[in-house]
Structure formats: structure tokens, C-alpha cells
Amino acid sequence: MARKSAQTCDPAVEQEFERGKAYEQEQAHEKAFACFSAAARGGHAGAEFCLAVCCEQGRGTERDLSQAVTHYRRAAWRGNAAAQYALGQCYADGRGIGRDEKSAYEWFRLSAENGLAAAQHRVGVCCLYGIGTEKNFQAAAQWFRAAAEQGDHLARCDLGSCYFSGRGVEKNERKAYACFRAAAMRGCAEAMNNLGYCFRFGRGVRKNEKKAFGCFRAAARRGCAGAQYNLGLCYASGSGVAQNEEQALEWLRRAAQAGSEGAQSLLARSNGQERLP
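Residues numbered from 1 in each chain as written. Predicted model: local features only at pLDDT ≥ 70, side-chain atom pairs only at ≥ 80, totals over all residues. Heavy atoms only, no water.

(A) Just the pattern of salt bridges, in detail. Enumeration according to the criterion identifies 14 salt bridges in this entry. Of the charged contacts in the structure, one is a salt bridge between E250 and R254, with a shortest N-O distance of 3.0 Å. With E250 and R254 both in helix α14 (residues 245–257), this residue pair falls 4 residues apart, about one helical turn. Residue class for E250 comes out partly exposed when judged on its relative accessible area of 31%. By relative accessible area, R254 is classed as partly exposed at 38%. Sharing partners across several salt bridges, the network here consists of E48, R74 and R78. (Salt bridge = Lys/Arg side-chain N within 4 Å of Asp/Glu carboxyl O. Helix = DSSP H or I, 4+ residues; strand = E, 2+ residues; numbered from the N terminus. Buried < 20%, exposed > 50% of the residue type's maximum accessible area, 1.4 Å probe, protein only.)

Listed below in C-alpha cells is the structure:
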């Protein structure tokens, strides 16, 4: 897939695009759509992207996913990195177009090469799990690092997981802990859970069960199923907190409802009793 750089437009077209953005701020969606349409006809990639969003969300026009894909594609070919990423998402989800993991990866990759952090993270995930491309742990770690350097906390968390497991990089639990801590400070629930694991078992940092409990609790309250499971185990065993079977069952139930197989298995073994096995 050929890479295309963003195109510049004449001042009148740019002014029409800016008018559209101003109307969007005022919630005047129909007027905004008209301005974006005019700017897009003048070759403005950003306006074409905005038209796609309008069509996808039904703002200023009827909701039309197929038409959204058309506009995303036009903007993508004009070099708009956000549109390239969005088009990749459409292919990945089968939204407005047939599901195609390979095409999704190609558009994610193009967007990533154009510098979009979210796309760089997504390419890393594709390389890590072999989605639309062959598995390549080293490439995954490189893309996670590129996105993390732009401030993407999800990528920072995944880079930490690479360091923790030694996938694509030399295993280094201290660097893993540092990545998890940085991502957790940005509000990443998964990173908080991973940080809790580091404290719980002394991986990359000195063991501290109270800090582990605090990390698990913070992540659990943000809806992380793994953290809810780990929090339930802390209450069950009295790790970092006073033992409390009622709280243990409560958090294990939440984790099970959120899809934690560990919690589901543990609760199944209790045979519906109000006690853990």
C-alpha cells in the first residue's frame, strides 16, 4: 500500500473547514456538515474525515456507515492519519464494510508510520498476537515503545508486559515495573493491576502486600476484571488487608461477571455456597 502524505489546500477551502469546526462547537451540526462537504470537495482531507465522523454518528446527516467508510477512505488516501486509523477500525470490526483483518492491519500500519500513537499501539497489538499479520514480538515491542514515547499509556503498559515476559525485548522486571508505574499514574487500570502483581510477589520491586492491595483495589474500582479477581483473593487470604470472606465473595462475583475465568472457576467450586472452597 503506497504511503501518501497530507495535502495542503487553498486558504478559502481551509476557511470553510474552520467554519465547519466552529459550527460543530456550537452544536450546529447541519451547518457544520455543509461546510465540511464544501471543504472536502476542495480536497481538504481533514474535512473528509469530519464528514466520515458525521456519517458514522449521524450528526448533521442520517447515520450511514457505508458512506462513513467512503469518506474515511478518501481522507485516508489524502494522507490523514486519523482517517487511516479509523478505516482500519472499520475493517477490523466489520463496520460499514466486510471484516478484513489484513486490510485493517495495513491501514493501521500506514497510520502508525504517519505518527499516530493510537495506531502505533494497535500495530503493536497486531504484531503481538498475529492479527492480520505474522506474529513478531520484536516489532510489537518497537511499536509499543514508539507509541509510549508519545504518551500513550496503554502502549506503555503493553511495553511493560513485554519487559516482564521477555517477549521482543530482553526480560527486565525493573523496566516492566517502571512501565506499569508510569501507565498506572496516567489512570490505566490494567497497569494498576500489573503493578499490584509486582508488589504482591516482589517482581521488579520490593514485595509489599499493602501496596499490592491498594493497586488491585484502584484497578478493580475502574472495572478491571483481573484486578477484581486479585482483590477478591487478597480479601480471602488476608494479604495486605484484614481477611474478609464477604468482601472476597463480592469481588470474585464482580470479576466473574466481567469475564474472569479464574473467578468463575473458583466460584463454581464453591457450589453456590456463601463460602469459598
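That shown, we press on.
(B) The arrangement of helix α2 (residues 29–41) in detail. With 13 residues, α2 should cover 18 Å at 1.5 Å per step; its first-to-last C-alpha distance of 18 Å lies within 8% of that length. Among all positions in α2, only A32, F33, C35, F36, S37, A39 and A40 are buried. Residues of α2 that are buried make contact with α1 (11–25) and α3 (45–57). Backbone geometry just after α2 places G43 at a positive phi near 90°. (Expected span 1.5 Å × (residues − 1). Contact = heavy atoms within 4.5 Å.)

(C) Local environment of the packing of aromatic side chains. Scanning all chains against the criterion turns up 9 aromatic pairs. Seen from their ring centres, F17 and F36 are 5.9 Å apart, and the 45° between their planes marks the pair as tilted. Here the residue F17 occupies a position in helix α1, and F36 occupies one in helix α2, the gap between them amounting to 19 residues. Grouping residues by exposure puts F17 and F36 together as buried. Ring-pair connections join several aromatic residues into one group, and the members of that group are F164, F180, Y197 and F201. The positively charged end of R167 is found above the aromatic ring belonging to F137, 5.6 Å away from the centroid. The ring of F164 carries K171 above its face, with NZ or CZ at 5.3 Å from the centroid. (Phe/Tyr/Trp six-rings, centres within 6.5 Å; stacked < 30°, edge-to-face > 60°. Lys NZ or Arg CZ within 6 Å of the ring centre and 35° of its normal.)

(D) Broad picture of unusual backbone geometry. Here the phi dihedral of Q27 falls at roughly 65°; this positive angle occurs in a residue that is not glycine. Residue classification places Q27 among the exposed positions, given a relative accessible area of 56%.

(E) Main features of the packing of α3 against helix α4 (residues 65–77). For the pair α3 and α4, the least separation of the axes is 8 Å and the interaxial angle reads 165°. Put simply, α3 runs roughly antiparallel to α4. As for how α3 packs across α4, the hand of that crossing is left-handed. On α4, the residues that touch A45, E48, F49, L51, A52, V53, C55 and E56 of α3 are L65, Q67, A68, H71, Y72, R74 and A75. When the residues that make up the contact of α3 with α4 are grouped by side-chain class, the tally is 10 nonpolar, 2 polar and 3 charged. (Axes fitted to C-alpha atoms, helices over the stretch in contact; angles between N-to-C directions. Parallel < 35°, antiparallel > 145°, perpendicular 65-115°, else oblique. Left-handed = near helix turned anticlockwise from the far one by under 90°. Nonpolar A, V, L, I, M, F, W, Y, C, P; charged D, E, K, R; others polar.)

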